[in-house]
Amino acid sequence: MTEKKWLAAYVKMHHEKRVRDRLTELGIENFLPVQNEVRQWSDRKKRVERVLIPMMIFVHVDSAEQRAVLTHPSVLRYLVLRGEHTPTEIPEEQMNRFRFMLDFSDQPVSFSTAGLQPGEKVRVIKGPLAGLEGELVTVDGKSTVVVRINQLGCATVEICTSMVWN
């Protein structure tokens, strides 16, 4: 049995949730970063799931499952860095931090591929994100905790500086 690793797979536009559901049916561990939000239509409000990173799903697979994921017609390919020939592995610790942030944040989480400058290493000590380790940076004049996924970008959430400790 080979060791499982986290990989990022590109999927067809607007097929993320279908792929998530199908991989779950097949017993393949996956993670689709989504957040619930309220959308306003002209006649009503509705709670919807917003996909945080369009056209991408994360899978935790061994080599056999890695090949099986690609058999789904909506899965296009894996993330491969320039000059490389094998799918890029995302470190387990970065995925755990990212998942924790999405699961417990009471503020909207955003994802940016822009290179934020490295900030001071901090740990959240209060609130729903208590225990999360990341970097404290200033974005548009607001304090923000950043969790980096080196190959993709940064997940960010606004936070009060009194809730962090360095």
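This text follows the structure it describes.
Each chain has its residues counted from 1, following the order in which its sequence is written. Residue-level local features of this predicted model are given only where pLDDT is at least 70; pairs of side-chain atoms are given and counted only at 80 or more, and the full residue set underlies all totals for whole chains, interfaces and linings. As a rule here, side-chain values cover all heavy atoms of the structure and leave hydrogens and water aside.

(A) Looking closely at the environment of L7. Put simply, DSSP H or I for four residues or longer makes a helix, DSSP E for two residues or longer makes a strand, and each gets a number counted from the N terminus. Its location among the elements puts L7 in strand β1 (residues 5-11). Through-space distance from the C-alpha of L7 to that of K121 is 25 Å; in sequence the pair is 114 residues apart. In what follows, residue pairs with any heavy atoms lying within 4.5 Å of each other are defined as contacts. In contact with L7, not counting residues within four places along its chain, are I57, F58, V59, V61, Q66, Y78, P87, T88, E89 and I90.

(B) Focus on the side chain of E16. Its location among the elements puts E16 in helix α1 (residues 16-25). A 1.4 Å probe rolled over the protein chains alone gives each residue an accessible area, and that area as a share of the maximum for its type sets the label: buried under 20%, exposed over 50%, partly exposed in between. His is not counted, nor are the chain ends; Lys and Arg add positive charge and Asp and Glu add negative charge. Salt bridges, as used here, are contacts in which a Lys or Arg side-chain nitrogen is within 4 Å of a carboxyl oxygen on Asp or Glu. No salt bridge is formed by the buried E16. Its closest oppositely charged neighbour is K17, at 7.2 Å. At 2.6 Å, the side chain of E16 forms a polar contact with the backbone nitrogen of M55. With near-sequence residues (within four places) excluded, E16 lies in contact with V11, L32, V51, P54, M55, M56 and I57. Pairing of N or O atoms within 3.5 Å defines a polar contact, subject to two protein rules: one partner must be a possible hydrogen donor and the other a possible acceptor, and residues neighboring in sequence count only if both atoms are side-chain atoms.

(C) Representation of the side chain of E65. Of note, E65 is situated in helix α2 (residues 63-69). Apart from the residues lying within four places of it in its own chain, the contact partners of E65 are K4, G27, I28, H60 and Y78.

(D) Spatial organisation of the pairing of β1. Counting buried residues in β1 gives five out of seven residues, a clear majority hidden from the surface. Looking at chain direction, β1 and strand β5 (residues 56-61) are connected through six bridges and run antiparallel. Following the sheet pairing, A9 is matched in β5 by I57. Pairing between strands is defined by DSSP: at least two bridges between them are needed. Pairing between β1 and strand β6 (residues 75-78): three bridges, direction antiparallel. Pairing of A9 across the sheet is with Y78, part of β6.

(E) Quick peek at the pattern of salt bridges. Following the criterion strictly, the structure yields 13 salt bridges and no others. Between D43 and R44 there is a salt bridge; the shortest N-O distance is 3.0 Å. R44 gets classed as partly exposed once you look at its relative accessible area, which sits at 42%. Note that R123 and E133 form a salt bridge whose closest N and O atoms lie 2.3 Å from each other. With R123 in strand β9 (residues 120-124) and E133 in strand β10 (residues 133-139), this pair connects stretches of sequence that are ten residues apart. By relative accessible area, R123 is classed as partly exposed at 37%. Overall, E133 belongs to the partly exposed group, its relative accessible area being 31%.

(F) Quick peek at the nonpolar core. F58, I90, F98, M101, F111, V145 and L152 are the most contacted members of the largest nonpolar core, which totals 28 residues. Elements with a contribution of two residues or more to this core: β1, β5, α3 (92-104), β9, β11 (142-149) and β12 (153-158). Tallying contributions element by element places α3 first for this core, with four residues. Note on terminology: a nonpolar core comprises buried Ala, Val, Leu, Ile, Met, Phe, Trp, Tyr and Cys residues joined through side-chain atoms within 4.5 Å. L7, V11, V61 and V75 belong to the second largest nonpolar core, which has 15 residues in total.

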